[in-house]
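Notes for the structure review
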Amino acid sequence: GGKGDAPGGGEVNKERQRTVEEMAKLREAIQSLCQSTNPLARSMDYVQEDLDNMGKELDFWSKDKVTQSQKLEEEEKRTEHELEALISTLRGVEQQIMEEELRINDMKGSVLRNEITIRNMLGSVVRATGQQ
């Protein structure tokens, strides 16, 4: 007979066939796994790129914060300086107003005293003319 007739020869062929089938299934599983992981690998590349971009953006905004904080501080100092000058001017004007109010009150007092003097004089004139 042939090779198939040898004792145990059929089992070797079956085992070889099973191994070939398992290798084919394993090859398909590996190919499927590779096809599944390729998009994941590309995504990981994008994640790193996104992280790099976010880091650059964080640096940009951090520097901008420092710049804007400095500008704000300068503006606050300038505003404070200008306010000090305005407050000083306001105090001067308030002092002038108080002095003017005192002067006006003194003048009102003088006017009242003069009015009394005039009334007294008129009263004297009226009495003097009435006695004649």
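Computed from a predicted structure; not experimentally measured.

1. Let's talk about the overall build of the chain
For the chain, the count of helices and strands is one helix and zero strands. In terms of overall dimensions, the chain is more spread out than a globule: its C-alpha atoms have a radius of gyration of 55 Å, far above the 14 Å expected for 132 residues. Dimensions along the principal axes, computed over C-alpha positions, put the chain at roughly 185 × 30 × 15 Å. Relative to its full complement of 132 residues, the chain shows a buried share of 2%. Roughly 12,400 Å² of accessible area belongs to the chain as shown, and the carbon and sulfur atoms make up 58% of that amount.

2. A look at a negative patch on the surface
On the surface, Asp45, Glu49, Asp50 and Asp52 cluster together to form a negatively charged patch. Within the secondary structure, aspartate 52 sits in helix H1 (residues 9-131).

3. Concerning the pattern of salt bridges
Opposite charge on two side chains allows them to pair when their charged atoms are near. As enumerated under the stated definition, the model contains six salt bridges in all. For the salt bridge of glutamate 15 with arginine 18, the shortest nitrogen-to-oxygen distance reads 3.1 Å. Placement of the pair is glutamate 15 and arginine 18 together in helix H1, with a separation of three residues, close to one helical turn. Salt-bridge contacts for lysine 77 lead to glutamate 73; the nearest nitrogen and oxygen are separated by 3.6 Å.

4. Describing the environment of leucine 58
For leucine 58, the location among the structural elements is in helix H1. On a C-alpha basis, the gap between leucine 58 and valine 12 in space is 66 Å, while along the polypeptide they are 46 residues apart.

5. Quick notes on a nonpolar patch on the surface
On the surface, Leu40, Met44, Val47, Leu51 and Met54 cluster together into a nonpolar patch covering about 490 Å² of accessible area. Within the secondary structure layout, methionine 54 lies in helix H1. Using a relative accessible area of 49% as the deciding quantity, one classes methionine 54 as partly exposed.

Cut-offs used in this document
- Residues numbered from 1 in each chain as written.
- Predicted model: local features only at pLDDT ≥ 70, side-chain atom pairs only at ≥ 80, totals over all residues.
- Heavy atoms only, no water.
- Helix = DSSP H or I, 4+ residues; strand = E, 2+ residues; numbered from the N terminus.
- Rg over C-alpha atoms; globule rule 2.2 N^0.38 Å.
- Buried < 20%, exposed > 50% of the residue type's maximum accessible area, 1.4 Å probe, protein only.
- Areas by Shrake-Rupley, 256 points an atom, 1.4 Å probe, with all protein chains shown as cover.
- Patch = residues over 30% accessible without salt bridge, like charges linked within 9 Å, V, L, I, M, F, W, Y side chains within 5 Å.
- Salt bridge = Lys/Arg side-chain N within 4 Å of Asp/Glu carboxyl O.
- Lys, Arg positive; Asp, Glu negative; His and termini not counted.
- Charge placed at Lys NZ, Arg CZ, Asp CG, Glu CD.

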